[in-house]
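Report on the structure
Given next are the chains, with one letter for each unit.
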Amino acid sequence: MAEVKSLLLVGVGGQGTILASKVLCAGLVEAGYDVKMSEVHGMAQRGGSVTTQVRFGEKVYSPIIGKGQADILVSFEAMEAIRWLEFLNPKGKAVVNKYEIPSAPILMGNADYPVGVVEKVKEKVDTSVLDAGKIAEGLGNTKTMNIVLLGALVKAMDLTDIDWEKAIRENVKEKFIDINIKAFNEGMKAVS
Amino acid sequence: MKKLLTGNEAVALGAYEAGINYAAAYPGTPSTEILENIAPYKKEIIAEWAPNEKVALESAIGASVVGARSLAAMKHVGVNVAADPFFTYGYTGVNGGLVLVSADDPGCHSSQNEQDNRLYAKFAKVAMVEPSDSQECKDMVKAAVEISEKFDTLVLFRMTTRICHGKSLVSLGKREEVDMKAYEKNPQKYAAVPANARKLRVVLEDRLKKLDKFSNETDLNYFEWNDKKIGIISSGVAYQYAKDVFGDTVSYLKLGFTHPLPMEKIKKFAKEVETLYVIEELEPYIEEQIRAAGIECIGKDKIPNIGELNPDIITKALLGEERETVDYDKNIAVNRPPTLCAGCPHRGFFYELSKRKDIIVNGDIGCYGLGVAPPLSTVDTIICMGASISMAHGAQKVLNRNKEDRKVVSVIGDSTFFHTGVNSLIDTVYNRSNTVNVIMDNRITGMTGHQENPGTGYTLQGMPAKDIDIPALCKAIGVEHVRTINPLNLGESKEALNWALDLDEPSVIITRWPCALKRLSNEDKEEFGNYKGLCKVDEEICIGCRMCIKTGCPALHFNKETKKVTIDKTQCVGCEVCLQVCPTNAISKVGE
C-alpha cells in the first residue's frame, strides 16, 4: 500500500485548517482518489492545538496515521511544527508557516516562545518555510492564510495537475472566491 | 454519485434514506452533528434537541411505540443517562424501528471517560451494529431499522470518534418512505409492570436466540479469505487499522453485527486459521466471548485496552516493528492547552470567584470546565452532567454537620442546568441546604458548538420556541434568593458573591451574558446591545504588574522584555474585564 499518501495539517484552533482540508479533499476526490480525512472537534478547538489528517490513494483504510508516517507536515503555526514533527516520515517534507501564536503559558509570562523553531525543523527534514501571514496580509485578508498554505502544500506534494480553482469555487463563500484563488497561487509560488 | 462525508453526516443521510420519521438527541461530542445534519430534512423527519439523553430516548421510544421509525443519538456517557428506558425498551421490543446511536470517545478527546458502550448491548440484551467507515454508517442505519422491526428489538448503533468525525466516500441513495405502523393498545407488551416484565424477560431470551441465528447468517459479518496463517477478527475503526497494517496478507472475519456475536462463524474462522488475532479498541468485548467459547486467541495480552488504537500501535504490538521517526527534542514546544475564549462571559465571574479562598467549587460539564485551569484555577471537581449542584448539596450538608464554616459553590451552564441540574436544585431546596448555585447562562450550548436549548428561544430546526425563565423556575422550585447579574461586571459579580455567601439558605446567581462566539439573535441584540470597541493598553501607564494576566484572557500578552502588556486586537472583543482589573487605569476602551 505504498501508494497511499498521508498529509498532516496542524495549527491552532481558529486558523482555518478545517476549510483548507475541505478544499484539499474536494480536489483529491474530484481527481478520482479514494480519500479519508480525520479531525477532532470539541474541547481542543478552544485555542488548543488542532490537527487534520488526510490520506489518499487507490484504496485507503485507516483514516489516521502514526508516528513517522506523514509524507508531508503542513504547519499553520511555527511551534506546532515541532510539536507534530515526530509524525513526519524522516524522508518526508515539511511546510512551515513562520507565523507565531503564543500559547497560554507564554501569554501569561510563565514560558518563552521557543527560539529558532523553524530552523530546528529545517535542520532535520526537507523544509519549505513561508510567511503565509504576510502573504495573506498583502492580499488584503489575513484569513486567507489557510489557502496560501494549501497552495504551498499542493506545490510541495506535486499535486498541481488537479483543478484546484474548481475545488476552491465549490467550497468557499462566493465573495471570498477570487481572493482565495489569489492566495492559493501565491502559496504555490512561495514553494520552490 | 459519491460524496465525502463524516460518519455523523452519513448517519443523518442514512436516517433520511431509511425512512426515519422522528429523531431526538442531546448534543455531545462526538455525536452532535448527527441531529444537526438531520435537521434540514424538515419535511420528512421531526428532529429535536431534547433537554437530556433520557428524554431524547424516551421521546424516540414514544414515537416508536405508535409506529414511527425513530432514532436517538448521544455520546457514550449520554447512554448512562438514558440507560433506564434503554434497558426496559430492550425488554418490550418495538413497533416502529428504533435505533439508539452511541458515539464513544476512545482517548477522551472531549469526554470525562472512555467507557466502551458495546458492553451495554450485551448488558441490555439488544442487537448491535458497528460501522467501520462512512458508507457503512449510512448503510447500517437502514440495516439497523430493518433488524429492529424484524426482530422486535431496539438496536444499539455504536460509533467512535474516528468514525463520527472521519470522512470517507459515500454513495448517495433515495429515501424509502415507509408508512407508520398501526398502533394497537397492548399493555402486555408496552406496560412493564412486574407481571408483564417477567413474561417479557422470557421473550427477550427467545429473541436473543433468533438474533444469534441472524448474526451467523447476515452479510454484516463476513469472511475475507487470504493466507490462513494469520486470521483477524475485528470491528469498527479497528478493522480499518488492521487492514492498513496487514493488507491482503492475512484472512479476516469482519464484524458489523456485534451483538449477539456470530459464534458459529467465529468457530469456523478459528478452525481455518493457524493464529487468531482479535483486534478491538478499548475493552476485550469480542475476545472475552471468544475465550469463553473455548477458542484461543491473541488480543488484549498484546494490544492495549487504554486509549485509541492506530495502525502503529497494532504494528508494534503484533509485529514488534516501529517506524523510523525524526530524532529531536520535542519538549521545546510549549503546551497549548484549550482556554476560555477572549471575551468569554465566564471569565469575569470566575475571576471574582477565584479570589475566594475558603470555599469549595463543584463544577460541571461545559466550557466553564476550563475554570479548572490556571490562572483561574477555580473549579475543584467535574464528574458528570448536572453533578455540580447535587455534589455541592451533599458536601455542604456534611460540612455543616461537622460545624465547618466552609461554603460550597456550584457552577453550571444553562443547557447543563436544563439537562439534569434542575433536579439537583430541587434536592438542594427540599433537603434544606445552603449552597450558592451559579447558573452561567451564556444563552447557548457552548462547548459542543452552539446548539439551541430550552433557554434560547429557538428549536433545532430554527422555529421560535418558549424560552425558560430561569429565575422564575428557580423561585418555583423554592429558592428564595435569586439574582441575575452581568458576569463581565466585576463589581456586580463580587457583590453577588458577598450576598450569597452570607445567606443561610440556598441561593442562585444567574450570570446572564451571551457566549463571545454566539451569532446573536434579534432578542440578544435587543437585550445585550451590539457591543463594539476594543481594549487597549497605554504602555506609558502600564507598570507590568500582570494583574490583567491573572484573568487568563488569551488576547493579553505579557512581554517579558518591555515588562508591558499588549492586547491582540484580532482577538479582543472589548469585554472590559482586564480594564476593570488594572490598578493603574492603563487600559481603556477604544472605537466604541
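Residues numbered from 1 in each chain as written. Chains lettered and ligands numbered in written order. Predicted model: local features only at pLDDT ≥ 70, side-chain atom pairs only at ≥ 80, totals over all residues. Heavy atoms only, no water.

**Side note on the overall build of chain B**
Across its full length, chain B carries 21 helices and 22 strands. Radius of gyration (C-alpha) of chain B: 27 Å, near the 25 Å computed for a compact globule of 592 residues. Considered along the principal axes of its C-alpha atoms, chain B spans approximately 80 × 65 × 55 Å. Within chain B, the proportion of its 592 residues that are buried is 60%. Relative to all contacts within chain B whose residues are 6 or more apart in sequence, the contacts with residues 24 or more apart total 75%. Summed over its atoms, the accessible surface of chain B is roughly 24,300 Å², and 51% of this surface lies on carbon and sulfur atoms. (Helix = DSSP H or I, 4+ residues; strand = E, 2+ residues; numbered from the N terminus. Rg over C-alpha atoms; globule rule 2.2 N^0.38 Å. Buried < 20%, exposed > 50% of the residue type's maximum accessible area, 1.4 Å probe, protein only. Contact = heavy atoms within 4.5 Å. Areas by Shrake-Rupley, 256 points an atom, 1.4 Å probe, with all protein chains shown as cover.)

**Some words on the nonpolar core**
All names here are of chain B. Counting residues in each nonpolar core, the largest one holds 64 residues, and the members touching the most others are Leu35, Ile38, Leu71, Ile147, Phe157, Phe246 and Ile279. Per-domain counts for this core show at least three residues from each of domain 1 (2-217) and domain 2 (221-319). Ignoring sequence-local partners within four residues, the contact set of Leu35 consists of Ala23, Ala24, Ala25, Ala47, Glu48, Trp49, Leu71, Ala73 and Leu460. Among the nonpolar cores identified, the runner-up in size contains 45 residues, and Leu353, Leu376, Val429 and Ile509 belong to it. (Core = buried A, V, L, I, M, F, W, Y, C linked by side-chain atoms within 4.5 Å. Domains from an automatic or database assignment.)

**So, the sheet that holds strand S11 (residues 251-255) of chain B**
Residue and element names in this part refer to chain B. Strand order in this open sheet of 4 strands is S9-S11-S10-S13, and the pairing throughout is mixed. Two strands bound the open sheet, and with one partner strand each, they are strand S9 (221-224) and strand S13 (275-279). For this sheet the average axis-to-axis angle between neighbouring strands, irrespective of direction, equals 15 degrees. Inspection of the sheet shows strand S10 (residues 230-235) paired to S11 by 5 bridges, in the parallel sense. Across the sheet, Gly231 pairs through a bridge with Ser251, a residue of S11. Helix H12 (residues 263-272) rests against S9, S10, S11 and S13 of the sheet, and its axis sits at about 170 degrees to S11. (Pairing = 2+ DSSP bridges. Axes fitted to C-alpha atoms, helices over the stretch in contact; angles between N-to-C directions.)

**A few points about the environment of B:His557**
Along the chain, B:His557 turns up in strand S20 (residues 556-559). For the pair B:His557 and B:Arg336, spaced 221 residues apart in the sequence, the C-alpha separation amounts to 15 Å. Apart from the residues within four sequence positions on either side, B:His557 is in contact with A:Pro102, A:Ile106, A:Leu107, B:Ile549, B:Lys564, B:Val565 and B:Thr566.

**With respect to unusual backbone geometry**
All names here are of chain B. Note that the residue after Thr29, namely Pro30, is joined by a cis bond; omega there is 10 degrees. Note that Pro30 resides in the loop between strand S2 (22-25) and helix H2 (33-38). Going from Pro374 to Pro375, the amide bond is cis rather than trans, its omega being 5 degrees. Along the chain, Pro375 falls in the loop between strand S14 (359-362) and helix H16 (387-401). Although it is not a glycine, Arg546 adopts a positive phi angle of roughly 65 degrees. Among the structural elements, Arg546 can be located in the loop between strand S19 (534-537) and S20. For Arg546, a relative accessible area of 28% puts it in the partly exposed group.

**Some remarks on the confidence of the model for chain B**
Mean pLDDT over chain B: 97, with 100% of residues reaching 70 or higher. This complex was scored by the predictor with a pTM of 0.96 and an ipTM of 0.94. (pLDDT = per-residue confidence, 0-100.)

**A look at the pattern of salt bridges**
Between side chains of opposite charge, pairing is possible as soon as their charged atoms come close. Residue and element names in this part refer to chain B. Tallying each qualifying case throughout the model produces 46 salt bridges over all chains. Here Lys142 makes a salt bridge to Glu146, at a shortest N to O gap of 3.9 Å. On the criterion of helical spacing, the pair formed by Lys142 and Glu146 is a turn pair, its members being 4 residues apart in helix H7 (residues 134-151). On the accessibility criterion, Lys142 (34% relative accessible area) is partly exposed. For Glu146, a relative accessible area of 40% gives the class partly exposed. Ionic contacts of the salt-bridge type, sharing partners, join the residues Asp104, Asp116, Arg118, Glu130, Arg158 and Glu280 into one network. (Salt bridge = Lys/Arg side-chain N within 4 Å of Asp/Glu carboxyl O.)

**Details of the pairing of S10(B)**
All names here are of chain B. For S10, the buried fraction is high: 6 of the 6 residues fall into the buried class. The alternating pattern of S10 places Ile230, Ile232 and Ser234 and Gly231, Ile233 and Ser235 on opposite faces, both of which are buried. As defined by bridge partners, S10 adjoins S13 across 5 bridges and the pair is classed as parallel. In the sheet register, Gly231 faces S13, and the bridge partner there is Leu276.

**Observations regarding the packing of aromatic side chains**
Two aromatic rings, taken as a pair, are described by how far apart their centres are and by the angle between their planes. Residue and element names in this part refer to chain B. Enumeration according to the criterion identifies 17 aromatic pairs over all chains in this entry. Note on Phe246 and Tyr277: the rings are 6.1 Å apart at their centroids and 45 degrees apart in plane angle, and the pair reads as tilted. Taken together, the residues Phe246 in helix H11 (residues 236-246) and Tyr277 in strand S13 connect sequence positions 31 residues apart. Considered together, Phe246 and Tyr277 belong to a single accessibility category, that of buried residues. Through a chain of ring-to-ring contacts, three or more aromatic side chains come together here, namely Phe86, Phe87, Tyr120 and Phe123. Over the face of the ring belonging to Trp225 we find Lys228, whose NZ or CZ atom lies 4.6 Å from the ring centre. A cation over a ring is seen here: Arg546 above Phe558, with NZ or CZ 5.0 Å from the ring centre. (Phe/Tyr/Trp six-rings, centres within 6.5 Å; stacked < 30°, edge-to-face > 60°. Lys NZ or Arg CZ within 6 Å of the ring centre and 35° of its normal.)

**Some details on the domain arrangement of chain B**
Residue and element names in this part refer to chain B. Per the domain assignment, the segments making up chain B are domain 1 (2-217), domain 2 (221-319), domain 3 (345-528) and domain 4 (534-590). Taken over C-alpha atoms, the centre of domain 3 sits 27 Å from the centre of domain 4. Every contact between the two is made by 9 residues of domain 3 and, on the other side, 11 residues of domain 4. Overall, the association of domain 3 and domain 4 removes approximately 850 Å² of surface from exposure, summing both partners, and the carbon and sulfur fraction of that is 66%. When the buried surface of domain 3 facing domain 4 is broken down by residue, Arg347, Tyr351 and Leu488 rank first, second and third, together holding 62% of it. (Buried area = accessible area lost by both parts, 1.4 Å probe.)

**Topic: the sheet that holds strand S2 (residues 34-39) of chain A**
Within a sheet, adjacent strands bond to each other through the backbone by hydrogen bonds, running parallel or antiparallel. An order of S6(A)-S5(A)-S4(A)-S1(A)-S3(A)-S2(A)-S8(B)-S1(B) is seen for the 8 strands of this open sheet, with the pairing classed as mixed. Lying at the two open borders of the sheet, with one neighbouring strand each, are strand S6 (126-130) of chain A together with strand S1 (2-6) of chain B. Pairs of neighbouring strands in the sheet enclose a mean axial angle of 20 degrees, with direction left out of account. Note: S2(A) against strand S3 (residues 49-57) of chain A, 6 bridges, orientation antiparallel.

**A look at the layout of surface pockets**
The computed volume of the second largest pocket comes to approximately 1,100 Å³. What lines the second largest pocket is a set of 39 residues, and nearest its centre among them are A:Trp84, A:Phe87, B:Arg162, B:Glu308 and B:Asn310. Secondary structure elements with two or more residues in the lining of the second largest pocket: S3 and helix H2 (78-84) of chain A together with H11 and helix H14 (311-319) of chain B. Examining the composition of the lining of the second largest pocket, we find that 5 residues originate from one element, H14(B), more than from any other. (1 Å grid on protein atoms, 1.4 Å probe; cavity = no way out; pocket = protein on both sides within 12 Å on 5 of 7 lines; lining within 4 Å. Points joined across faces, edges and corners; volume = space filled by probe spheres on them.)

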